[in-house]
Structure formats: structure tokens, C-alpha cells
Amino acid sequence: MPIPQPGESAPDFTLDTDAGTPLTLSALRGRNVVLFFYPKDDTPGCTVEACSFRNALPRFDALDAVILGVSPDSAKKHAKFRQKYDLPYALLADVGHAVADAYGVWQKKKFMGREYMGNARTTFVIDRAGRIAHVFENVKPLGHADEVAEAVATLG
């Protein structure tokens, strides 16, 4: 699937959180949502990215924005990752990568000469009406949360 673009409706979904409770995206209408897709819990880049969103949380709270992290890891693995780094937002278990497919981020990747499928590090800012407002592709983890907070601030 192609990556949804600004102005398009954000594909709706229901996934289990790290607490094992289901979360439906459309239930968050009326609030800004930061949906960041990352490859794997507790890896160096993913930890930097997750912790940068943790550290920037006061900025997002002030903008009435919900932060959600999505990877193909299980809810149980997410719970360990969240606890280890004291992450104050939900991590969503996209075990069958259906949501990553719907957002066009389940892609062929290459690492040390090996090809495999996985989440491309991508962040979507979804406005209060449930539309894609900003898309950040090929995300570099360091400083990413700040650029996302600036994008959310433009939504008003």
C-alpha cells in the first residue's frame, strides 16, 4: 500500500496496547495524534526515538496530542520496553503488521547485506478530524520528537 499523504483520512485500526487493552484510532478524534512506526523494541535507534518522545511529552501534552508507538512486537515485549525506559505513552502491538501495511510502512529493508521485511521508521501526525496532517519518512531518531512537536504546533 502507498503511504497515506497529508489531507487523506488516516486509516482506522484497533490494536492491543502494551497493557493488553484494545485502542481504536477513531476513538481519539478531537485530539491530535502522533503515530510513530518503529522497527523493534529495545534496539539502539528505537530506544533513542522512544525516549525522545518521552522527554518531549510536556510539549505534546500542551498541544493536546496523544503519542502512540507502533511496532510488530508483542504487547508483552512492549510492556517490558515501556517499563525499562519509563515511557509515558502507549505502545501498540501490530504483530501481524496489518496496520503497518495499511500505512505503507511495512517495507523491504536491508541490513548487513541481508534483506528482510519490517517497519520503515515513519511518523504520522493526525489532526483532530482524523486526517493525515504531516508525514515524516526515513526518520532519524535523534531530535525527531522536536520536529514532530513543531509540526503539531502548526495545527492549532
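For the structure itself, look to the data block above.
These lines cover the structure that appears in this document, whether it is placed above or below. Just so we're clear, the structure is a prediction, and the values are computed from it rather than from any experiment.

Right, let's get into the overall build of the protein chain. When its secondary structure is counted, the protein chain shows five helices and nine strands. Starting at the N terminus and walking to the C terminus, you meet the elements of the protein chain as β-β-β-α-α-β-α-β-α-β-β-β-β-α. Since a compact globule built from 156 residues should have a radius of gyration of about 15 Å, the 14 Å found for the protein chain is in line with a globular shape. Each principal axis of the C-alpha distribution contributes one length, and for the protein chain these read about 45 × 35 × 30 Å. A buried classification covers 47% of the 156 residues belonging to the protein chain. Counted over contacts in the protein chain with a minimum sequence separation of 6, partners at least 24 positions apart contribute 63%. As displayed, the protein chain has an accessible area near 7,500 Å², and 55% of this comes from carbon and sulfur atoms. Where the 18 positive side-chain charges of the protein chain centre and where its 19 negative ones centre are 5 Å apart.

All right, on to the pairing of strand β8 (residues 122-126) then. Counting buried residues in β8 gives five out of five residues, a clear majority hidden from the surface. Here β8 shows two buried faces, one formed by Thr-122, Phe-124 and Ile-126 and the other by Thr-123 and Val-125. In this structure, the hairpin formed by β8 and strand β9 (residues 132-136) is closed by a connection of five residues, where Gly-130 is found at a positive phi of approximately 85°.

Here we come to the sheet that holds strand β5 (residues 90-93). Spatially, seven strands are ordered β2-β1-β5-β4-β3-β8-β9 in an open sheet, and the strand pairing comes out mixed. Sheet topology places β2 (22-24) and β9 at the edges, where each strand pairs with a single neighbour. Going from strand to strand, the sheet's axes swing by 30° on average, the running direction of each strand aside. By the bridge criterion, four bridges tie β8 to β9 in an arrangement that is antiparallel. In the strand pairing of β9, Ile-126 is matched with Ile-132. Contacts between helix α1 (residues 44-55) and the sheet are confined to β3 (32-37), β4 (65-71) and β8, with β3 contributing the most and set at about 165° to the helix. Of the strands in this sheet, β1 (14-17), β4 and β5 are in contact with helix α3 (residues 75-84), which crosses β5 at around 155°.

Quick look at the side chain of His-78 now. Mapped onto the elements, His-78 comes out in helix α3. With near-sequence residues (within four places) excluded, His-78 lies in contact with Asp-18, Tyr-38, Asp-41, Ser-71, Asp-73, Leu-91, Leu-92 and Ala-93.

Moving on, we come to α1. With 12 residues, α1 extends 16 Å from end C-alpha to end C-alpha; this agrees with the ideal 16 Å at 1.5 Å per step. For α1, the complete set of buried residues consists of Cys-46, Thr-47, Glu-49, Ala-50, Cys-51, Ser-52 and Phe-53. Tucked inside the fold, the buried residues of α1 contact β3, α2 (57-62), β4, α3, β8 and α5 (144-153).

This brings us to the pattern of salt bridges. Under the counting rule described, the total for this entry stands at nine salt bridges. Several salt bridges converge on common partners, so that one network encompasses Arg-31, Asp-64 and Arg-128.

On to the packing of α1 against α5, then. α5 packs onto α1 with a crossing angle of 45° between their chain directions and a minimal axis gap of 8 Å. With respect to each other, α1 and α5 are oriented oblique. Only His-144, Ala-145 and Val-148 of α5 make contact with α1, whose side of the interface consists of Glu-49, Ser-52 and Phe-53. In terms of residue class, the contact of α1 with α5 is built from three nonpolar, two polar and one charged.

Cut-off values and rules
Residues numbered from 1 in each chain as written. Predicted model: local features only at pLDDT ≥ 70, side-chain atom pairs only at ≥ 80, totals over all residues. Heavy atoms only, no water. Helix = DSSP H or I, 4+ residues; strand = E, 2+ residues; numbered from the N terminus. Rg over C-alpha atoms; globule rule 2.2 N^0.38 Å. Buried < 20%, exposed > 50% of the residue type's maximum accessible area, 1.4 Å probe, protein only. Contact = heavy atoms within 4.5 Å. Areas by Shrake-Rupley, 256 points an atom, 1.4 Å probe, with all protein chains shown as cover. Lys, Arg positive; Asp, Glu negative; His and termini not counted. Charge placed at Lys NZ, Arg CZ, Asp CG, Glu CD. Pairing = 2+ DSSP bridges. Axes fitted to C-alpha atoms, helices over the stretch in contact; angles between N-to-C directions. Expected span 1.5 Å × (residues − 1). Salt bridge = Lys/Arg side-chain N within 4 Å of Asp/Glu carboxyl O. Parallel < 35°, antiparallel > 145°, perpendicular 65-115°, else oblique. Nonpolar A, V, L, I, M, F, W, Y, C, P; charged D, E, K, R; others polar.

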